[in-house]
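As a plain string of letters, each chain reads:
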Amino acid sequence: MSLFVQKFGGTSVGSKEAIIRSASIITKWSKKYKVVAVLSAMSGETDRLIGLTKLFSKNPNPYDYDNAISSGENVSCSLMSIYLNSTKIRSKSLMSWQIPILTSEEHMKSRILKIDRNKILKEFSKNDVLLIPGFQGINSKNEITTLGRGGSDTSAVAVAASLDAECIIYTDVDGVYTTDPRISPGAKKIDQITTEEMLELSSQGSKVLQPRAVEFAGKYDIGIRVLSTFEEGTGTLIKKENDDNMEKAIISGIAFNQDEAQLNIRGVPDQPGIASLILGPIADLNIDVDMIVQNVGEDGLANFTFTVPRNDYKVAMQSLERSAKKLKAKKVKGNNEIVKISMVGVGMRTHAGIASKMFSVLAKNNINISMISTSEIKISVVTNEDNLETAVNVLHKEFNLDK
Ligand code: ASP
Ligand code: MG
């Protein structure tokens, strides 16, 4: 039995017409393969459900909240199966608890632990297509959980891993681009990219795939192809290693993230334990800190700059002001109009001077950098949001991504 896993995003199931169009793709595949289609909620539906819960409480309890917001996916699967059956395709929707898709205990950001492939295989004796809801699972306490926004990608890759099958992600774009075409009209579709690079692009702001899905694909060596539901094409293949005959670009893409804010505290004593005195209270508030920079002046006083999710900016600022009083810091500053721009490419491992070229290109265009961080295959800079378009465009051009 040859199996194939496909995932259809919100716009691909967002209306009657979209469901029928996606059904025709599923039908085509079902002539050759047994198909598992993992579906998102109809576009806008999860936001609508979240909005409904907020009508009744600012802080809905996580158990009921997950029951509510996971329901959109059940509806898409049921509708798709109703339609497929009406066209004489043997299909069945399976809710995640029926399989089960077992997740970790916590709600709203659970991790998939195990998927029982036997249930899926058994159902294929009577069906050619199975519709499985993305984004949700069930924990060991028999409670419905959700995987975090965009989690259907992760469900699809996890199902593919459990079945040892390939995975196609059908979405409303025709592949992964060198950067966001809305910012850089010269952006080019990437034919093939390594899982490692895609993971950095996703984590640094590219919205095509949930980072955890890419992480999963890397871990279990699953190839993912991103295709458009709405037009023909070859899309983008994401896999562990690039084929040897692929021309390797030094930089494969530029991602940006406008969801962070920057906080700065000046003139704190340069002593052991200061970093934890500043960041400890932030961590206790369950706020994730991303970039951190510390520098020490000649006066023996240190400055600290770090970034947090923009949603947490206010609360983080209040915490920092309290720490500043305790530490008798000179000054506290914040900026929630920043952007983090990241260049990603495995070629950085073997090519020196990428960072310095990046900085000089930005300097030539009068773009001031307030923070820098690097990893083996990524360089990120933080700058003012106003600089986003110029910065991305000049980098895209200078690193020949438009060629
Ligand atoms: N419906 C969920 C969301 O909107 C999950 C997904 O579509 O990936 O985040
Ligand atoms: Mg998505």
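Refer to the structure above for everything that follows.
Throughout what follows, the structure given in this document is the object of discussion. (Residues numbered from 1 in each chain as written. Chains lettered and ligands numbered in written order. Predicted model: local features only at pLDDT ≥ 70, side-chain atom pairs only at ≥ 80, totals over all residues. Heavy atoms only, no water.)

Description of the side chain of serine 228
Thinking step 1. Tracing the backbone through its elements, the reader meets serine 228 in strand S11 (residues 224–228).
Thinking step 2. You can call serine 228 buried: its relative accessible area is 8%.
Thinking step 3. There is a polar contact of 2.9 Å between the side chain of serine 228 and the backbone nitrogen of phenylalanine 230.
Thinking step 4. Excluding residues within four positions of it along the chain, serine 228 makes contact with Tyr170, Thr171, Val173 and Asp174. (Helix = DSSP H or I, 4+ residues; strand = E, 2+ residues; numbered from the N terminus. Buried < 20%, exposed > 50% of the residue type's maximum accessible area, 1.4 Å probe, protein only. Polar contact = N/O pair within 3.5 Å; in protein donor to acceptor, adjacent residues only side chain to side chain. Contact = heavy atoms within 4.5 Å.)

With respect to helix H7 (residues 195–203)
The α-helix advances 3.6 residues per turn, and as a result positions three or four apart in sequence lie on the same side.
Thinking step 1. For H7, the set of buried residues is Thr195, Glu197, Met198, Glu200, Leu201 and Ser202.
Thinking step 2. Glycine 205 sits one or two positions beyond H7 and adopts a positive phi of about 125°.

Concerning the site of ligand 1
Thinking step 1. The environment of ligand 1 is formed by Ser40, Ala41, Thr46, Glu73, Phe135, Arg149, Gly150, Gly151 and Ser152.
Thinking step 2. In the environment of ligand 1, an oxygen atom lies 2.8 Å from a nitrogen or oxygen atom belonging to the side chain of serine 40.
Thinking step 3. Here an oxygen atom of ligand 1 and a backbone polar atom of glycine 150 are 2.9 Å apart.
Thinking step 4. About the coverage of ligand 1: the protein hides 86% of its 260 Å² of free accessible area. (Near = heavy atom within 4 Å. Areas by Shrake-Rupley, 256 points an atom, 1.4 Å probe, with all protein chains shown as cover.)

Details of the packing of helix H11 (residues 354–364) against helix H12 (residues 388–398)
Thinking step 1. Their axes nearest at 10 Å, the elements H11 and H12 cross at an angle of 130°. Classified by the angle their axes make, H11 and H12 are oblique. As H11 runs across H12, the sense of the crossing is right-handed. Every residue of H12 that contacts H11 at Lys357, Met358, Val361 and Leu362 is listed here: Ala391, Val394, Leu395 and Glu398.
Thinking step 2. Within the contact of H11 with H12, the residues separate by chemical class into six nonpolar, no polar and two charged. (Axes fitted to C-alpha atoms, helices over the stretch in contact; angles between N-to-C directions. Parallel < 35°, antiparallel > 145°, perpendicular 65-115°, else oblique. Left-handed = near helix turned anticlockwise from the far one by under 90°. Nonpolar A, V, L, I, M, F, W, Y, C, P; charged D, E, K, R; others polar.)

Remember that the coordinates give geometry; whether it matters functionally is a separate question.
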